[in-house]
Amino acid sequence: MRIPPLKPPLKNRRFPKIGTFAAVPYPLLKKARTRYTTIMSRTLAYTIESMVSYVTEWGNINSYSYNKDGLKKMSSTLQEAFAHLNADETFITTNTVTHSDIITLKKRPYLKNQCLFVGHYDTVYPPESDFQTVNTHGNYLIGPGVTDMKGGLAILLNSVLSFEKNTIDKKFGWTILLTPDEEIGSIGSKDILLNEAKKHSLGLIFEPPLEDGSFVSERMGSMNIGVTVSGKSAHAGRGAKEGDSAIHALCHWVTKSLIELSSDVTVNVRSEEHTSE
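The structure contained in this document is the topic of the report that follows. (Residues numbered from 1 in each chain as written. Predicted model: local features only at pLDDT ≥ 70, side-chain atom pairs only at ≥ 80, totals over all residues. Heavy atoms only, no water.)

## Observations concerning the overall build of the protein chain
Logical step 1: Tallying secondary structure elements over the protein chain gives 5 helices and 9 strands in all.
Logical step 2: The helix and strand sequence of the protein chain, counted from the amino end, reads β-β-α-α-β-β-β-β-β-α-β-α-β-α.
Logical step 3: Counting all 277 residues of the protein chain, 28% fall into the buried class.
Logical step 4: Here the contacts in the protein chain between residues at least 6 apart in sequence split such that 64% fall between residues at least 24 apart.
Logical step 5: When the accessible surface of the protein chain is totalled, it reaches about 20100 Å², and 55% of it is carbon and sulfur. (Helix = DSSP H or I, 4+ residues; strand = E, 2+ residues; numbered from the N terminus. Buried < 20%, exposed > 50% of the residue type's maximum accessible area, 1.4 Å probe, protein only. Contact = heavy atoms within 4.5 Å. Areas by Shrake-Rupley, 256 points an atom, 1.4 Å probe, with all protein chains shown as cover.)

## Description of unusual backbone geometry
Logical step 1: A cis geometry characterises the amide bond from Asp148 onward to Met149, with omega recorded as -10°.
Logical step 2: Among the secondary structure elements, Met149 is positioned in helix 3 (residues 146-166).
Logical step 3: One non-glycine residue, Arg108, lies in positive phi territory at about 55°.
Logical step 4: As for its position among the elements, Arg108 is in the loop between strand 4 (101-107) and strand 5 (114-120).
Logical step 5: A positive phi angle, near 55°, is found at Ser186, a position not held by glycine.
Logical step 6: Positionally, Ser186 belongs in the loop between strand 8 (173-179) and helix 4 (190-197).
Logical step 7: Judged by relative accessible area, which is 12%, Ser186 ranks as buried.

## What to know about the nonpolar core
Logical step 1: The biggest cluster of nonpolar side chains holds 29 residues, and the ones touching the most others in it are Trp58, Leu78, Phe82, Trp174, Ile176 and Leu178.
Logical step 2: Residue assignment for this core shows that the elements contributing at least two residues are helix 1 (26-59), helix 2 (68-82), strand 4, strand 5, helix 3 and strand 8.
Logical step 3: Ranked by residues supplied to this core, first place goes to helix 3 with 8 residues.
Logical step 4: Other than its neighbours up to four places away in sequence, Phe82 contacts Trp58, Leu105, Leu153, Leu156, Leu157, Ile176 and Leu178. (Core = buried A, V, L, I, M, F, W, Y, C linked by side-chain atoms within 4.5 Å.)

## Quick look at the side chain of Thr98
Logical step 1: If you trace the backbone, Thr98 turns up in the loop between strand 3 (88-93) and strand 4.
Logical step 2: A polar contact is formed between the side chain of Thr98 and the side chain of Ser100, at a distance of 2.7 Å.
Logical step 3: Each residue touching Thr98, except ones within four places of it in the same chain, is listed here: Ser65, Tyr66, Asn67, Lys68 and Leu71. (Polar contact = N/O pair within 3.5 Å; in protein donor to acceptor, adjacent residues only side chain to side chain.)

## Description of empty space enclosed by the protein
Logical step 1: Inspection of every chain in the model, using the stated rule, returns 1 cavity of 30 Å³ or more.
Logical step 2: Roughly 30 Å³ of internal volume is contained in the largest cavity.
Logical step 3: Gly59, Ile61, Asn62, Ser63, Thr123, Tyr125, Gln132, Pro144 and Lys150 together form the lining of the largest cavity. (1 Å grid on protein atoms, 1.4 Å probe; cavity = no way out; pocket = protein on both sides within 12 Å on 5 of 7 lines; lining within 4 Å. Points joined across faces, edges and corners; volume = space filled by probe spheres on them.)

## Quick notes on the packing of aromatic side chains
Logical step 1: Applying the stated criterion across every chain, the model contains 5 aromatic pairs.
Logical step 2: Ring centres 4.9 Å apart and planes at 25° place the aromatic pair Tyr54 and Trp58 in the stacked group. Linking Tyr54 with Trp58, this pair stays in helix 1, spanning 4 residues, or about one helical turn. For the pair formed by Tyr54 and Trp58, the shared burial category is buried.
Logical step 3: Ring centres of Tyr125 and Phe131 lie 5.0 Å apart, and the angle between their planes is 75°; this geometry places the pair in the edge-to-face category.
Logical step 4: Residue classification places Tyr125 among the partly exposed positions, given a relative accessible area of 28%. (Phe/Tyr/Trp six-rings, centres within 6.5 Å; stacked < 30°, edge-to-face > 60°.)

## Comments concerning the sheet that holds strand 3
The strands that make up a sheet pair up through hydrogen bonds in the backbone, lying either parallel or antiparallel.
Logical step 1: Strand order in the open sheet made by the 5 strands is 3-4-8-5-9, with mixed pairing throughout. Either end of the sheet is taken by a strand with one partner, and the two such strands are strand 3 and strand 9 (202-205). Taking each pair of neighbouring strands and ignoring which way they run, the sheet shows an average axis angle of 20°.
Logical step 2: Strand contacts of helix 3: strand 4, strand 5 and strand 8, with the helix running at about 150° to strand 5, the strand carrying the most contacts.
Logical step 3: Docked against the sheet, helix 4 engages strand 3, strand 4, strand 5 and strand 8, running at close to 170° with respect to strand 8. (Pairing = 2+ DSSP bridges. Axes fitted to C-alpha atoms, helices over the stretch in contact; angles between N-to-C directions.)

## Describing the environment of Thr94
Logical step 1: Of note, Thr94 is situated in the loop between strand 3 and strand 4.
Logical step 2: Measuring from C-alpha to C-alpha, the distance between Thr94 and Ser186 comes to 9.6 Å, with 92 residues separating the pair along the chain.
Logical step 3: Apart from the residues within four sequence positions on either side, Thr94 is in contact with His99, Ser100, Ile102, Pro180 and Gly188.

## Let's talk about the environment of Val160
Logical step 1: As for its position among the elements, Val160 is in helix 3.
Logical step 2: As for Val160 and Trp174, which are separated by 14 residues in sequence, their C-alpha atoms are 9.2 Å apart.
Logical step 3: With residues up to four places along the chain from it excluded, the contact list for Val160 reads Leu85, Phe117, Trp174 and Ile176.

Okay, structure coming up:
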């Protein structure tokens, strides 16, 4: 809410009518503005303190995409926090290796206009990583998943909670989807995300903005491609021509793919498994 600039002191202290409004003396306006500012400052301070507390607690839980126990603990912690929204809550078990839950919360699904709010609670840091705890450095929190995206989950929760508490005429319903597998390509939640998206007029994903704070309205999609290459072993000296190198074939395939792809496509190549017989 924007507070209009204060006007000079009014000479008439009888509150004369100006149209349908009454002119209020400057000291009373100043007092009212000071009180409003104090209330808003306290509210903002409470919100920031609440979000810092949430992000610190959540960031200290290792919810690596393949950490079943960590994802289970994170899911339980989120359920407790998001219960403050008093929404209808359901859980969908994914078909990933961890069989973790997609948390779904809905409010006013009967209204015509529906908004979809999306977040994920898995991170990229395995339990054996040295990066496990959240620390404060000045005005910054640094820790696993603080930016991507447990900080986003705290903003999502506080934003919707503030809307529910402070808006009288609520003209739209909403759905919150919290997934456990975004960092590995949403392999277990993709179909559910697509299905829910079709039911909503607007979607917001609470991933971090750009470094300068700019809002991100779209980004490239991603895809995981698994390639299995088989070769034929042979002696490197006497029978080199009798063998077929799987590594050479794979390198040729990758190079050819990079040449044929458009310039705005990025490729990350990694070795998944190597066996020899």
